[in-house]
Amino acid sequence: HRDLHSFPTRRSSDLESGTLILNREFLSDNTIRLLRDAYTRASDHGRRQMTPMDLLISLFTASNSIVAECFERIGVTAAKLTELAVFAEQHASQA
C-alpha cells in the first residue's frame, strides 16, 4: 500500500519482524524524507538497519534543516556537525 512505509530499525528485538511499520498519515513529508535518507545512508555503509547516527547525520545534512540552521546561527556549519558526527560514529565502532 503506498501510504505505508517500513524502515528497518535497531530495535528489532521489540518487534518479531524486525521492521517498524509507519502509517503515512501520521508522518510529515520531512519525516519520511529524513527516514529515507537515514536508511539510504545505512545501506550505503553496508548496514541493513539504520542507526541513531544515520538519523543524526541525515538531519544535519537535510536541505532546509532547522537543526542545522540553529547551529549555523552560532557559527557551527552543517559540514562541521557532520564531520563531528562521523568522527563520533567511527570512534564508537572502534570501542
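Rules and cut-offs
- Residues numbered from 1 in each chain as written.
- Predicted model: local features only at pLDDT ≥ 70, side-chain atom pairs only at ≥ 80, totals over all residues.
- Heavy atoms only, no water.
- Phe/Tyr/Trp six-rings, centres within 6.5 Å; stacked < 30°, edge-to-face > 60°.
- Helix = DSSP H or I, 4+ residues; strand = E, 2+ residues; numbered from the N terminus.
- Buried < 20%, exposed > 50% of the residue type's maximum accessible area, 1.4 Å probe, protein only.
- Polar contact = N/O pair within 3.5 Å; in protein donor to acceptor, adjacent residues only side chain to side chain.
- Salt bridge = Lys/Arg side-chain N within 4 Å of Asp/Glu carboxyl O.
- Contact = heavy atoms within 4.5 Å.
- Axes fitted to C-alpha atoms, helices over the stretch in contact; angles between N-to-C directions.
- Parallel < 35°, antiparallel > 145°, perpendicular 65-115°, else oblique.
- Left-handed = near helix turned anticlockwise from the far one by under 90°.
- Nonpolar A, V, L, I, M, F, W, Y, C, P; charged D, E, K, R; others polar.

The way to describe two aromatic rings as a pair is by their centre distance and the angle between their planes. Per the counting criterion, the structure on display carries one aromatic pair. The interplanar angle of 80° and the centroid separation of 6.4 Å between the aromatic rings of F60 and F71 together place this pair among those described as edge-to-face. Of the two residues, F60 sits in helix α2 (residues 52-61) while F71 sits in helix α3 (residues 66-73), which places them 11 residues apart along the sequence. By relative accessible area, F60 is classed as buried at 9%. Take F71: its relative accessible area is 31%, and that puts it in the partly exposed class.

Along the chain, R73 falls in helix α3. Of note is the side chain of R73, whose polar atom sits 2.6 Å from the side chain of E69.

Side chains carrying opposite charge are able to pair once their charged atoms draw close together. Scanning the model with the defined rule gives six salt bridges in all. A salt bridge links R41 to E89, with the shortest nitrogen-to-oxygen separation between them at 2.9 Å. With a gap of 48 residues between them, R41 in helix α1 (residues 29-44) and E89 in helix α4 (residues 78-94) connect regions that are remote in the sequence. With respect to class, R41 is no different from E89; both count as buried. R47 is paired through a salt bridge with E89; the nearest N and O atoms lie 3.8 Å apart. You can see R47 sitting in the loop between α1 and α2 and its partner E89 sitting in helix α4, a full 42 residues away along the chain. On the basis of relative accessible area, E89 is assigned to the buried category, the value being 16%.

Attention now moves to the side chain of E89. At 2.9 Å, the side chain of E89 forms a polar contact with the side chain of R41. With sequence-adjacent residues up to four places away left out, E89 is seen in contact with R41, R47, T51, M53, D54 and I57.

A few words now on the packing of α1 against α2. The interhelical angle for the contact between α1 and α2, taken along N-to-C directions, is 120°, at an axis separation of 8 Å. If you check the angle between α1 and α2, you find them oblique. For α1 against α2, the interelement crossing comes out right-handed. Each of L34, L35, D37, A38, R41 and A42 in α1 lies in contact with α2, whose residues at this interface are D54, L55, I57, S58 and L59. Taken together, the residues of the contact of α1 with α2 sort by class into seven nonpolar, one polar and three charged.

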